[in-house]
Structures are given as C-alpha cells and as structure tokens.
Amino acid sequence: MHRLLLAFLSLFSLPLLCLATHGDSFDPFRRHHQRSQSKPRNIKYCLQDKYRGENILNSWKFFSAPDPTHGMVDYQSREDAITHGLAYVQKDGTTVLAVDNVTELPPGKNRASVRISSPKTYNQGLFIADFWAMPFGCSVWPAWWSVGPNWPNGGEIDVLEGVHNSVNNQLTLHTSSGCSLDTEVQPQVSGSISGHTNCASSGADNTGCAFIDSDCRSYGRDFNLNGGGVYAHLWDSEGIKAWFFSRGEIPKDILEGEPKPELWRKPVAFWKNGESCDIGKHFYEHELVIDTTLCGDWAGATYEVAGCPGRCTDAVTNPRNFDNARWKINYIAVYQPA
Ligand SMILES: *[C@@H]1O[C@H](CO)[C@@H](O)[C@H](O)[C@H]1NC(C)=O
C-alpha cells in the first residue's frame, strides 16, 4: 500500500514462546556454526503466533478510518463487517474478507470493504500466509503487507499486491530516505527488479523499490484457479526475502509446521541488508495487514491502461464487479528462530 498516513500505537511483541522442544537434539551444524557466515544453516524456527478462523475475526483490529491511499471504500468496523457478511468464517475454518457485492451504489459513493491488522507488532521473523483465494478484478487493489509506526519511518513491506486483472504479483518496500534496492542480488532471486530501486518515499513519489514475480499463479485469477498458495517472507539480519508457492508446490516443511527456508528454492525477492539499505534501521515494529481497496492512488491511476471498461468510479457502482473481490485465508503464522 502506498501513502500510508496513519499508524496504530504499537504494542511490543511478547517474548517468544518456543512451542517445539527440539533445541537439544543433535545438530551437526551447531558446533561449527558461525554467526558471521553469510549463509546460516539449520536454523530452527519456532511458532510464535498462528492466526486462523474466528481468532482472526476476534483478535485482529478492524481499521475503519478513511483509506489513506484514497480508495473508494468505507472500511468497516468489526461489528459492521460481521453484521453485513463481509467478514466471516466458513465451516472449514477459512476466514473470508469480502468487498460488498450486494449493494448498488450511485456514482461517486464508496463501497464497503475490510482492512484488518494483527494485534501484535513484530521485529524480524518468518511469516507464512496461506490463502485459498485473493481478491482481483477491475478497480480492485488488494494487499497483504506489514507496516511500522510513523510511516514511512518504520518501513512498509508489501508481500502480495496488485491491481485489476494483473497476473503478476509485485513485492515492494517503502522507507524513509537512505534505502535502496541492491541490484546485485538479481542472480539470487527469481523475480525481476522493477526498475525503480529507490525505496524511499519523498513528496509525491511513493513508488518504492519492487520485484515482479514472473509466475502467473502469483496473483489474481490464476492464483485462485490453482487453489491459492503460500506467501512466505523472512525478515532477519540478512535482509528481507520473499517466496511464493502455488498450492501444489508448498514445501513439506511448511505443511508440517516446521519451516526450513534454507531448503527452499530461490526467493522471488530479496532486499539485502547492507550499504544500500540498513534494514534494521528502516524496518521495525511491524503490524501485519490485509486489505482490499478500490480505485485510489494505484488502481485509480492505472484503470484505463489496464484495459478495464469505462471509468474506475463507475465500476464501483455495480456489485457484480466484486464477486471475486474476497480473501479466503487459511492461516497466518509467525515463526522466530529458536
Ligand atoms: C457475492 O459473491 C459471492 C462469491 O463469489 C457469491 O457466492 C454471491 O452469490 C455473490 N452475491 C450476490 C448477491 O450475487
């Protein structure tokens, strides 16, 4: 999301509880492991928080202020979202967050939608988001992202984001001044650097520094047709890396709840900590966010070039345009190194 002006009062994360108890098991790398090695091996990740089902509806915050990115949405309070059927849990435990697809609206009026954020904030971690489906369609701008206080000072990590009928996910950082994407990482990632390498927002330029996933299953219709998948991102002393796994390709270690990122294929995106960007200085106390907005700064400005019919504001009037504008969340899990 761009141009975030509001930030919630941050809560500090509780000391992590390691639920697994394998800390003393034999680890051939442990004795020789050096912190200074560029590739840490065999780090064990322990579950810190898992959000699923009713727990998401009950514990996440519902943001109901005007959309800071100027979208044509009225974000609903928890009560209103639940009453109007825009936030609910299916029998199988899937949490659904929907845009109103019932109400006909006069031109210029905002449509009801939902934006939620985690009850805790995080400094570093391994974040696994499993979605069965995501919103898409003309005028629709969904995002799974995280943001620190005092935007852009605490930084913003956009893990899954796009507009309209895009088929490629865009992964973007936004920061205060003094952070750029180290383009030498290109051989280490499968995504392509979008061309704008300055991560800093300044004045009206909030482009951020981005990678584009070339996998058409990474966004929108094809993401959904393939049963969704997992977005994983690792934020640690090396920087921030992100992976996408379509439903049929989710590594076994993720399915078993013991993620081992060192075994995964190349990440789609990697913003390396170093001279080009001090990640620890630019990213802190992040709350996790899921939202769907309509038109606004990005989707409004690109509506016609994306080949969408008519004008964005007119698209908002017709509920039939939003039958596919819903998140189906399996779970969000946060792990920390043991
Ligand atoms: C809204 O969208 C859902 C999911 O696509 C669909 O099941 C439902 O019938 C739609 N509502 C209306 C009023 O058409």
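Now for a quick tour of the structure. (Residues numbered from 1 in each chain as written. Predicted model: local features only at pLDDT ≥ 70, side-chain atom pairs only at ≥ 80, totals over all residues. Heavy atoms only, no water.)

### Overview of the nonpolar core
Reasoning step 1: Of all hydrophobic cores here, the largest spans 52 residues; its most connected members are Phe131, Trp144, Trp271, Ile290 and Ile332.
Reasoning step 2: With four residues, the single largest contributor to this core is strand β18 (residues 326-337).
Reasoning step 3: Those residues in contact with Ile332, other than ones at most four positions away along the chain, are Asp49, Lys50, Tyr51, Trp60, Ile128, Ala129, Phe131, Trp144, Leu288 and Ile290.
Reasoning step 4: Counting 17 residues, the second-largest nonpolar core is a separate cluster that includes Phe63, Met72, Val99 and Cys312. (Core = buried A, V, L, I, M, F, W, Y, C linked by side-chain atoms within 4.5 Å. Buried < 20%, exposed > 50% of the residue type's maximum accessible area, 1.4 Å probe, protein only. Helix = DSSP H or I, 4+ residues; strand = E, 2+ residues; numbered from the N terminus. Contact = heavy atoms within 4.5 Å.)

### Here's the deal with the packing of aromatic side chains
Reasoning step 1: Going through the model one piece at a time under the given rule, you end up with 13 aromatic pairs.
Reasoning step 2: Ring centres of Phe131 and Trp327 lie 4.9 Å apart, and the angle between their planes is 50°; this geometry places the pair in the tilted category. On the criterion of sequence distance, the pair formed by Phe131 in strand β8 (residues 125-133) and Trp327 in strand β18 is long-range, its members being 196 residues apart. Per residue, the accessibility class of Phe131 equals that of Trp327, and both read buried.
Reasoning step 3: Measuring from ring centre to ring centre gives 6.5 Å for Trp235 and Phe283, while their planes differ by 75°; the resulting arrangement is edge-to-face. (Phe/Tyr/Trp six-rings, centres within 6.5 Å; stacked < 30°, edge-to-face > 60°.)

### A word on the state of the cysteines
Note on terminology: a disulfide is the covalent bond linking the sulfur atoms of two cysteines.
Reasoning step 1: Tallying each qualifying case throughout the model produces four disulfides.
Reasoning step 2: There is a disulfide in this structure between Cys179 and Cys277, and the S-S distance comes to 2.1 Å. Every disulfide takes its handedness from the sign of the S-S torsion; for Cys179 and Cys277 that torsion is -95°, giving left-handed. With Cys179 in the loop between β11 (170-174) and β12 (192-193) and Cys277 in the loop between β16 (269-272) and α5 (279-282), this pair connects stretches of sequence that are 98 residues apart.
Reasoning step 3: What makes Cys179 buried here is its relative accessible area of 1%.
Reasoning step 4: Owing to a relative accessible area of 1%, Cys277 belongs among the buried residues under this scheme. (Disulfide = S-S within 2.5 Å.)

### Looking at the site of the ligand
Reasoning step 1: The local shell around the ligand consists of Asn101, Arg320, Asp323 and Arg326.
Reasoning step 2: In the model, an oxygen atom of the ligand is placed 2.7 Å from a nitrogen or oxygen of the Arg320 side chain.
Reasoning step 3: Residue Asp323 places a main-chain N or O atom 2.8 Å away from an oxygen atom belonging to the ligand.
Reasoning step 4: Relative to its free-state accessible area of 360 Å², the ligand is covered by the protein chains to the extent of 47%. (Near = heavy atom within 4 Å. Polar contact = N/O pair within 3.5 Å; in protein donor to acceptor, adjacent residues only side chain to side chain. Areas by Shrake-Rupley, 256 points an atom, 1.4 Å probe, with all protein chains shown as cover.)

### Describing unusual backbone geometry
Reasoning step 1: With an omega of 5°, the peptide bond running from Trp151 to Pro152 counts as cis.
Reasoning step 2: Along the chain, the position of Pro152 falls in the loop between β9 (140-147) and β10 (156-161).
Reasoning step 3: Even without being a glycine, Ser139 presents a positive backbone phi close to 80°.
Reasoning step 4: For Ser139, the position within the fold is in the loop between β8 and β9.
Reasoning step 5: Under the relative-accessibility criterion, Ser139 is labelled buried at 0%.
Reasoning step 6: At Asn150, a residue that is not glycine, the phi angle is positive and equals roughly 60°.

### Considerations on the pairing of strand β17 (residues 287-294)
Reasoning step 1: Counting buried residues in β17 gives eight out of eight residues, a clear majority hidden from the surface.
Reasoning step 2: In β17, alternate side chains face the same way, and those of Glu287, Val289, Asp291 and Thr293 on one face and Leu288, Ile290, Thr292 and Leu294 on the other are all buried.
Reasoning step 3: Of the strand pairs in this sheet, strand β7 (residues 115-117) and β17 are connected by three bridges, and their pairing is antiparallel. Residue pairing for β17: Ser117 is matched across the bridge by Val289. (Pairing = 2+ DSSP bridges.)

Purely spatial values, then, with no claim about function.
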